[in-house]
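Report on the structure
So the chains spell out like this:
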Amino acid sequence: MAANNHPQSWGRFPQVRPERVVPVYWRDEIPDLAMFERPVLPYAYGRSYGDSCLNEDGITLDVSNLRHFLSFDEEQGLLCCEAGVTLAEVLDVIVPRGWFLPVTPGTKYVSIGGAIANDVHGKNHHKAGTFGCHVTRFELLRSDGQRLICSPTENSEFFRATIGGLGLTGVILWAEFRLKRIHSPLIVMDRIRFSSLDEYRELATASDRDFEYTVSWVVCLGSKNEVGRGFFMRGNHDTSTRRVVQRRRSRLPLTVPFDFPSFTLNRLSIHAFNRLYYHAQSVKHVRKTVHYDSFFYPLDAIHHWNRMYGKRGFFQYQFVVPFEGGYEVMQAIMNCISRSGEGSFLTVLKSFGDVESPGMLSFPRPGLTLALDFANHGTKTLRLLDRLDAMVREAGGCIYPAKDARMRADDFQRAYPQWKTFEQYIDPKFSSSFWRRVTRENGWEKKI
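Attention in this report is confined to the structure presented alongside it. (Residues numbered from 1 in each chain as written. Predicted model: local features only at pLDDT ≥ 70, side-chain atom pairs only at ≥ 80, totals over all residues. Heavy atoms only, no water.)

**Here we look at the pairing of strand β8 (residues 147-150)**
Side chains L148 and C150 project from β8 onto a buried face, and the interleaved R147 and I149 project onto a face without burial. Note: strand β7 (residues 135-141) against β8, 4 bridges, orientation antiparallel. Note that in β8 the partner of L141 across the bridge is R147. In this structure, the hairpin formed by β7 and β8 is closed by a connection of 5 residues, where G145 is found at a positive phi of approximately 95 degrees. (Buried < 20%, exposed > 50% of the residue type's maximum accessible area, 1.4 Å probe, protein only. Helix = DSSP H or I, 4+ residues; strand = E, 2+ residues; numbered from the N terminus. Pairing = 2+ DSSP bridges.)

Written out as structure tokens, the structure is:
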């Protein structure tokens, strides 16, 4: 829970409050959800960036105390745990036993329930799809007291609706999912500097077959020659038989102790960082073996890094556009961002594969995806995002709900045509700030 005693999203925008926060300590002692007069929404750690985890003037059901492990089949790699267990806690249990998460996002401090509700994806989408692809079953508590065991064959429609369902179908109490066998906690990683999106395309095409994990950092602020260049990272789990001597760093993580002034991340500082970071690697291609922590979770080494954006927070903006014409669209979007001066401190480019998720509202689909973060400079930032929306819309793309704080209702409904079918499975007592915004007939009145 946030330090100021009310739930926040990681982007810290919008700043809204629930009517009440109701903690849950035991999965067999859940409050009677039907008794609440306001809509209910589960909440664990608030690592969603926008308002999908927020419930303004409603009831926030704090499930972060549901943190028990229930079973682990080490022969088949099936782990069952309560929904409030974090990916970090799962990793601490499974990695020493030779297993790893089938899919992981860029932070390990998300709950299992949140990973399912947002159907998270990672660097291996082209190989493994989303987290929901590896969920075998879970228990869903509805406000009428029903406890449904959901799987691909039992209550299958609730299974499909809950994966990527943004916490709206009920409370996930526990979940079982399949793990991936590994030989060590190490990743053999290539880090390759590229000078353009054309070069990125060549690297992505050549890497997707032989590398399980691929992702890139890309520049979208600077001169014409700078925009679109970056680093391509690819990796596989180390399969050598050598004795593992490299361990996770034992030093204490860095912490951002206070909110930075709003002017800290500006065009000049971001441009300077991009140049220094790009030229820090003196050779084009580096191969090294690293611990999984530094490969998958570099930002987790800095606690409260979202404070760098100041008290007004920031907008995380992630979209996907189809491969056909996608590189031209991506270049145009990066050029638009560069001209605006609203630089993104961290910009991640990846190619999604065609592994289909069971989730009704799952975000990933074949194409190019770009994730950016913009400090909240008010109207100026919102106008840029409106322009990006139009370009994504024209390309036939869509925006990621788990990272959204201001998408228009018509854009959501166009990009997720299954929303009407999904609506049938929403628990009648459940809602969220996000859902009310994107299903409201006339959109949302922006709050700055």
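**Some points on the packing of aromatic side chains**
For the coordinates displayed, the defined rule picks out 28 aromatic pairs. Among the aromatic residues, ring-to-ring pairing joins F100, Y213, Y292, F295, F296 and Y297 into one connected group. Directly above the aromatic system of F295 lies the positively charged group of K123, at a separation of 5.7 Å from the ring centroid. For the cation-ring pair, R201 lies above Y327, with the distance from its terminal atom to the ring centre recorded as 4.2 Å. (Phe/Tyr/Trp six-rings, centres within 6.5 Å; stacked < 30°, edge-to-face > 60°. Lys NZ or Arg CZ within 6 Å of the ring centre and 35° of its normal.)

**Some remarks on unusual backbone geometry**
With an omega of 0 degrees, the peptide bond running from F13 to P14 counts as cis. Relative to the assigned elements, P14 resides in the segment before β1 (20-23). Positioned with a positive phi, R12 is a non-glycine residue whose angle comes to about 60 degrees. Inspection of the secondary structure puts R12 in the segment before β1. Although it is not a glycine, D119 sits at a positive phi angle of roughly 40 degrees. Mapped onto the elements of the fold, D119 is located in the loop between α2 (112-117) and α3 (125-128). When its relative accessible area of 0% is taken as the criterion, D119 is described as buried.

**Considerations on the pairing of strand β19 (residues 367-375)**
Burial analysis of β19 places 9 of its 9 residues in the buried class, which makes it a mostly covered element. Of the pairings in the sheet, the one linking strand β17 (residues 314-321) to β19 comprises 8 bridges and is antiparallel in character. Along β19, the bridge assignment pairs Q318 with A371. Looking at chain direction, strand β18 (residues 348-352) and β19 are connected through 5 bridges and run antiparallel. When the bridges of β19 are listed, K350 appears paired with T369.

**So, the sheet that holds strand β5 (residues 78-82)**
Whether parallel or antiparallel, the strands of a sheet pair through hydrogen bonds between backbone atoms. Strands sit in the order β4-β5-β9-β7-β8 across an open sheet of 5 strands; the sheet is antiparallel. In this open sheet, the two edge strands, each paired with only one partner strand, are β4 (69-73) and β8. With direction set aside, neighbouring strand axes in the sheet form an average angle of 10 degrees. Relative to strand β9 (residues 171-178), β5 runs antiparallel, the two sharing 5 bridges. Residue pairing across strands places L79 opposite F177, the latter belonging to β9. Its contacts with the sheet place helix α1 (residues 87-94) against β4, β5 and β9, and it is angled at close to 40 degrees to β4. (Axes fitted to C-alpha atoms, helices over the stretch in contact; angles between N-to-C directions. Contact = heavy atoms within 4.5 Å.)

**Describing the sheet that holds β1**
Across the sheet, 3 strands lie side by side as β1-β3-β2; this open sheet has parallel pairing. Only two strands of the sheet have a single partner each, and these edge strands are β1 and β2 (40-43). Each adjacent strand pair in this sheet contributes to an overall mean axis angle of 30 degrees, direction not counted. Relative to strand β3 (residues 59-62), β1 is paired through 4 bridges, and the arrangement is parallel. The residue of β3 that forms the bridge with V21 is T60.

**What to know about the packing of helix α8 (residues 326-340) against helix α9 (residues 379-394)**
One way to put it is that α8 packs onto α9 with a least axis distance of 11 Å and a crossing angle of 165 degrees. It follows that α8 is roughly antiparallel to α9 by the angle criterion. Like other packed secondary-structure pairs, α8 and α9 cross with a definite hand, here right-handed. Every residue of α9 that contacts α8 at V329, A332, I333, C336, I337 and S340 is listed here: K380, L384, R387, L388, M391 and V392. (Parallel < 35°, antiparallel > 145°, perpendicular 65-115°, else oblique. Left-handed = near helix turned anticlockwise from the far one by under 90°.)

**Regarding the side chain of S340**
Position of S340 among the secondary structure elements: in helix α8. According to the relative accessible area criterion, S340 is buried, its value standing at 18%. Beyond its immediate chain neighbours, meaning those up to four positions away, S340 contacts R267, K380, L384 and R387.

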